[in-house]
Amino acid sequence: MSHVLLTQVLRDIHLAETAAALDTVRLVAISKTQTPAAISALAHAGQRAFGENYVQEAAAKITVLAPLALEWHLVGHLQSNKVKQAAVLFDWIQTIDRPKLIPLLAKARPAKREPLNVLIQVNIDHDKNKHGCSPDQVAVLAHAIATEPRLCLRGLMTIPSLPADQRGAPFTAMRDLYQQLQANYSTVDTLSMGMSADFQLAIHHGATLVRIGTALFGERTSPPPSAP
Ligand SMILES: *Cc1c(COP(=O)(O)O)cnc(C)c1O
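Residues numbered from 1 in each chain as written. Predicted model: local features only at pLDDT ≥ 70, side-chain atom pairs only at ≥ 80, totals over all residues. Heavy atoms only, no water.

K.L.:
Whenever I open this one, helix 7 (residues 168–184) confuses me. Can you help?
P.N.:
Residue pairs spaced three or four apart in an α-helix point in one direction, given the helix's 3.6 residues per turn. Between its first and last C-alpha, helix 7 extends 25 Å over 17 residues, near the 24 Å set by a 1.5 Å rise per residue. Turning to helix 7, its buried residues are Gly168, Pro170, Phe171, Met174, Leu177, Tyr178 and Leu181. (Helix = DSSP H or I, 4+ residues; strand = E, 2+ residues; numbered from the N terminus. Expected span 1.5 Å × (residues − 1). Buried < 20%, exposed > 50% of the residue type's maximum accessible area, 1.4 Å probe, protein only.)

Written out as structure tokens, the structure is:
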């Protein structure tokens with residue numbers, strides 16, 4: 001089952017990326033609420049990168065699945081009291097949205113590991129209920145990240161609040177911000193936007209990484225362990 005869905009999603013990504021004449025778009029499989037067995041099945045079908053929303057939930061799975069040497073992304077809000085754990089567990093943190101996290105993550109990243117890849121999460125349509133920094137804070141956060149050798153600034157991430165079919169404008173605004181950032185930092189190569197309902201549209205607007213859960217694993221049956 002899992003490899004059928006994976007093949008479909010990869011085909012749809014490929015069609016969208018061809019239409020947009022872009023470089024390869026990376027797929028991160030969002031595995032929140034999924035069991036290690038389901039993740040392992042997708043890994044054996046060839047998927048290497050997985051994303052989780054909650055540090056606690058991820059910790060158990062990452063430990064059990066360590067022999068598979070998968071790549072793990074944190075895509076949920078990062079609380080300060082989870083920073084130490086997150087800096088050890090994950091390869092990527094996609095949700096940096098305030099200055100305070102930056103020195104804490106840098107300090108907690110073990111010296112023997114690769115620098116931690118980070119994305120700045122942008123609240124592109126200024127939704128009061130959403131996490132993410134405002135677009136005009138990106139430059140300050142990027143500068144702070146770039147001064148930390150234990151962190152590697154890879155780009156930007158967003159979850160627009162508008163309905164999926166109205167996300168063209170926020171995605172375009174993100175691409176503009178991303179291009180400005182790329183002009184200033186040579187390590188920036190990742191624009192993370194697009195989920196099951198809107199990844200083709202996101203790729204059309206320049207996404208280089210899409211985060212897909214439902215289209216790969218089916219509908220989530222259990223709610224996430226703790227609501228954000
Ligand atoms: C759950 C989640 C996704 C995946 O959503 P689907 O609609 O299931 O593809 C992507 N990004 C983030 C931040 C999420 O929380």
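From this point, the discussion proceeds with the structure in view.
K.L.:
Is there a simple way to think about helix 6 (residues 138–146) in this case?
P.N.:
Turning to helix 6, its buried residues number three or more, namely Val138, Leu141, Ala142 and Ile145. Down the axis of helix 6, the buried set is contained in an arc of 100°. They therefore lie on one face. Exposed residues on helix 6 whose side chains face more than 90 degrees from its buried face are Ala139, Val140 and His143. Close packing links the buried residues of helix 6 with strand 4 (92–96), helix 5 (101–108), strand 5 (116–122), strand 6 (151–158) and helix 7. (Arc of directions from axis to C-beta. Contact = heavy atoms within 4.5 Å.)

K.L.:
I tried to follow unusual backbone geometry on my own but got confused; where do I start?
P.N.:
Negative phi characterises most residues that are not glycine, and trans characterises most peptide bonds. Its identity as a non-glycine residue notwithstanding, threonine 33 has a phi of 70°, on the positive side. By secondary structure assignment, the location of threonine 33 is in the loop between strand 1 (26–30) and helix 2 (36–44). Of note in this structure, alanine 69 is not a glycine but carries a positive phi near 50°. With respect to the helices and strands, alanine 69 occurs in the loop between helix 3 (55–64) and strand 3 (71–74).

K.L.:
Mind showing me how you'd approach the pairing of strand 4 here?
P.N.:
The two faces of a sheet get side chains in turn, since along a regular strand they alternate between them. Counting buried residues along strand 4, five of its five residues qualify, which places the element largely inside the surrounding structure. Looking at chain direction, strand 3 and strand 4 are connected through two bridges and run parallel. Within strand 4, the residue paired with histidine 73 across the bridge is tryptophan 92. The β-α-β motif built from strand 3, the intervening helix 4 (residues 83–89) and the parallel element strand 4 has right-handed crossover chirality. When strand 4 meets strand 5, the two strands line up parallel, connected through three bridges. Paired with isoleucine 93 across the two strands is valine 118, which belongs to strand 5. Between the parallel pair strand 4 and strand 5, the chain is carried across by helix 5, and the sense of this crossover is right-handed. (Pairing = 2+ DSSP bridges. Right-handed = clockwise from strand over helix to strand, strands pointing away.)

K.L.:
Sorry, what's going on with the site of the ligand here?
P.N.:
For the ligand, the full set of nearby residues is Ile30, Lys32, Asn53, Val75, Ile159, Met195, Ser196, Arg211, Ile212, Gly213, Thr214 and Arg220. Within the side chain of serine 196, one N or O atom sits 2.5 Å away from an oxygen atom of the ligand. In this structure, threonine 214 approaches the ligand through a side-chain N or O atom, which is 2.5 Å from an oxygen atom. Considering the ligand on its own, with 380 Å² of exposed area, one finds that the protein chains cover 89% of that surface. (Near = heavy atom within 4 Å. Polar contact = N/O pair within 3.5 Å; in protein donor to acceptor, adjacent residues only side chain to side chain. Areas by Shrake-Rupley, 256 points an atom, 1.4 Å probe, with all protein chains shown as cover.)

K.L.:
Honestly, the environment of alanine 58 in this entry has me stumped. Any pointers?
P.N.:
Examined against the element boundaries, alanine 58 turns out to sit in helix 3. You can call alanine 58 buried: its relative accessible area is 0%. For the pair alanine 58 and histidine 73, spaced 15 residues apart in sequence, the C-alpha separation works out to 9.6 Å. Look past the residues within four positions of alanine 58 in its chain and what remains in contact with it is Glu52 and Phe90.

K.L.:
It is not clear to me how the nonpolar core should be interpreted in this structure. Could you clarify?
P.N.:
A general tendency of soluble globular proteins is for nonpolar side chains to be buried together. Core analysis: the biggest nonpolar cluster contains 62 residues, and Phe90, Ile93, Ile120 and Leu156 have the highest contact counts within it. Discounting residues that sit within four places of it in the chain, leucine 156 has contacts with Leu119, Ile120, Val122, Val138, Met174, Leu177, Tyr178, Leu181, Thr190, Leu191 and Ser192. Counting eight residues, the second largest nonpolar core, distinct from the first, contains Val28, Ile30, Val75 and Leu119. (Core = buried A, V, L, I, M, F, W, Y, C linked by side-chain atoms within 4.5 Å.)

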